[in-house]
Amino acid sequence: MKHAKLGDLVVGRIGLGAMGMSHGYTGAGSDDAESIRTLHRALELGVTLIDTAEVYGPYTNEELVGRALRGRRDQVVLATKFGLISHTGRGAPDSSPATIRTAVEGSLKRLGTDHIDLYYQHRVDPNTPIEDTVGTVAELVAEGKVRHIGLSEAGVNTIRRAHAVHPITAVQSEYSLWTRDPEEGVLALLRELGIGFVPYSPLGRGFLTGTIRSPEQLDADDFRTTNPRFTGENFHRNVALADQVTGIAADIGATPAQVALAWLLTKGDTIVPIPGTKRVARVEENVAADGVDLTAEQVATLEGLAPPSGEHHNEQQMRMLDR
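Keep in mind the model is a prediction, meaning the values are calculated, not measured.

Caption draft 1: Quick look at the overall build of the chain. When its secondary structure is counted, the chain shows eleven helices and nine strands. The C-alpha radius of gyration of the chain comes to 19 Å, within 12% of the 20 Å expected for a compact globule of 323 residues. By the burial criterion, 56% of the 323 residues in the chain qualify as buried. Considering only residue pairs separated by 6 or more positions, the chain has 75% of its internal contacts joining residues 24 or more positions apart. Accessible area of the chain: about 12900 Å², with a carbon and sulfur share of 49%. Taken together, the 32 basic and 42 acidic charged side chains of the chain have centroids lying 2 Å from each other.

Caption draft 2: Just the sheet that holds strand β4 (residues 49-51), in detail. The seven strands are arranged β3-β4-β5-β6-β7-β8-β9 in an open sheet whose pairing can be described as parallel. On the outer flanks of this sheet lie β3 (16-17) and β9 (196-200), each paired with one strand and no other. Where β4 meets strand β5 (residues 77-82), three bridges bridge the pair, whose relative direction is parallel. Within β5, the position partnered with isoleucine 50 by the bridge is leucine 78.

Caption draft 3: Representation of the packing of helix α3 (residues 97-111) against helix α4 (residues 130-143) within the structure. Their axes nearest at 9 Å, the elements α3 and α4 cross at an angle of 35°. The interaxial crossing formed by α3 with α4 has right-handed handedness. Across the interface between the two elements, Pro97, Ile100, Arg101 and Val104 from α3 touch Asp132, Thr133, Thr136, Val137, Glu139, Leu140 and Glu143 from α4. Taken together, the residues of the contact of α3 with α4 sort by class into five nonpolar, two polar and four charged.

Caption draft 4: View of unusual backbone geometry. At the junction of glycine 57 and proline 58, the peptide bond is cis and its omega measures out at 5° in the coordinates. Along the polypeptide, proline 58 turns up in the loop between β4 and α2 (60-68). Between alanine 92 and proline 93 the backbone carries a cis peptide bond, its omega angle lying at 0°. With respect to the helices and strands, proline 93 occurs in the loop between β5 and α3. At serine 201, a residue that is not glycine, the phi angle is positive and equals roughly 50°. Take serine 201: it is sitting in the loop between β9 and α7 (232-252). Since its relative accessible area comes to 14%, serine 201 is described here as buried.

Caption draft 5: Geometry of the side chain of glutamate 285. Looking at the element boundaries, glutamate 285 is found in helix α9 (residues 280-287). The residues contacting glutamate 285, other than those within four sequence positions of it, are Thr255, Ala257 and Gln258.

Caption draft 6: Expanded view of the pairing of strand β1 (residues 3-6). Here β1 shows a buried face lined by Ala4 and Leu6 and an unburied face lined by His3 and Lys5. Here four bridges tie β1 to strand β2 (residues 9-12), and the two strands are oriented antiparallel to one another. Looking across to β2, one finds that leucine 6 is bridged to leucine 9.

Caption draft 7: Broad picture of the packing of α4 against helix α5 (residues 156-165). Look at α4 against α5: their axes get within 9 Å of each other, and the N-to-C directions meet at 40°. Here α4 is positioned oblique relative to α5, judged by the angle of their axes. For the element pair α4 and α5, the recorded crossing hand is right-handed. Residues Ile130, Glu131, Val134 and Gly135 of α4 pack against Thr158, Arg161, Ala162 and Val165 of α5. In terms of residue class, the contact of α4 with α5 is built from four nonpolar, two polar and two charged.

Caption draft 8: The arrangement of helix α6 (residues 186-193) in detail. Along α6, the residues that are buried comprise Val186, Leu187, Leu189 and Leu190. Each buried residue of α6 lies within a common arc of 160° when the element is viewed along its axis, so the set occupies one face. Of the residues in α6, the exposed ones pointing more than 90 degrees away from the buried face are Arg191 and Glu192. Buried residues along α6 sit in contact with α5, β8 (168-174) and β9. Count one or two residues on from α6 and you reach glycine 194, which has phi positive near 75°.

Caption draft 9: Region of interest: the packing of aromatic side chains. Following the criterion strictly, the structure yields seven aromatic pairs and no others. With a centroid separation of 4.8 Å and an interplanar angle of 50°, the aromatic rings of phenylalanine 82 and tyrosine 119 are classed as tilted. Here the residue phenylalanine 82 occupies a position in strand β5, and tyrosine 119 occupies one in strand β6 (residues 116-121), the gap between them amounting to 37 residues. The class for phenylalanine 82 is buried, based on a relative accessible area of 1%. Residue tyrosine 119 is classed as buried on the basis of its relative accessible area of 0%. Members of the aromatic cluster, connected to one another through ring pairs, are Trp178, Phe207, Phe230 and Phe235.

Rules behind the numbers
Residues numbered from 1 in each chain as written. Predicted model: local features only at pLDDT ≥ 70, side-chain atom pairs only at ≥ 80, totals over all residues. Heavy atoms only, no water. Helix = DSSP H or I, 4+ residues; strand = E, 2+ residues; numbered from the N terminus. Rg over C-alpha atoms; globule rule 2.2 N^0.38 Å. Buried < 20%, exposed > 50% of the residue type's maximum accessible area, 1.4 Å probe, protein only. Contact = heavy atoms within 4.5 Å. Areas by Shrake-Rupley, 256 points an atom, 1.4 Å probe, with all protein chains shown as cover. Lys, Arg positive; Asp, Glu negative; His and termini not counted. Charge placed at Lys NZ, Arg CZ, Asp CG, Glu CD. Pairing = 2+ DSSP bridges. Axes fitted to C-alpha atoms, helices over the stretch in contact; angles between N-to-C directions. Left-handed = near helix turned anticlockwise from the far one by under 90°. Nonpolar A, V, L, I, M, F, W, Y, C, P; charged D, E, K, R; others polar. Parallel < 35°, antiparallel > 145°, perpendicular 65-115°, else oblique. Arc of directions from axis to C-beta. Phe/Tyr/Trp six-rings, centres within 6.5 Å; stacked < 30°, edge-to-face > 60°.

Dropping the structure here:
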């Protein structure tokens, strides 16, 4: 696999999001053995960035990743997140220094490691100045418990303020053909500051794979059932967008998922998408996007797709985005 740079971290340019192995999706957590096989296969294929968070489960995803990486820790850049669980009792989001101190010890224990390579604030905490949050994580860097600092779903002003306290290595936000919000200022700022970008949900929570044809495919506890793009008339209008990606994929002999990932890879060598899966076959498919080359015409066609119908999070989740 080709490589990319997140700040001064060098990683395979396609990572792996582990959330769906334990949390959120239809059938999540149903087969830990297959999830561990998937993580191992990802490493064999050159994936080095593995992404998890304390809130996934909660806690069980970090435990799963920790088991999978036993004896293989030095092969990966391990990323996890804090801030969506309060350890002070005040409610989330909570990125207070006390919560961070408690969170990091729990994550280190569950992951079975003495350091976290990339530690993200999961969502910006409006009740804690970003300077205090980053300052606390910077102390963890000095102590050797954290190697690099990241932010998730942070806006331009927050990123600038955070980076002034301690270098930020990566920002993680939703970005795909399905959600292009970071193009409104964030990507340009990251290039200016030398910060890497990690798109989560690069396959539109599965919609861009072309395999979701009906809302009835989702279990009642699947978090996508509350996502406006997966409900009502929005769903049926968005199938048409996914079908356009499928059409380009058929033209070039690739899968829709590979086309969606290949489009992201055209955005530069400081962008590392983290498609999530718990299946070996899917991680093999996703990694193969590294070898898919899109023509300028195909990229232009993809760039010109109509935006999807509906917000990309439910109302509560949208309020937690820093813009």
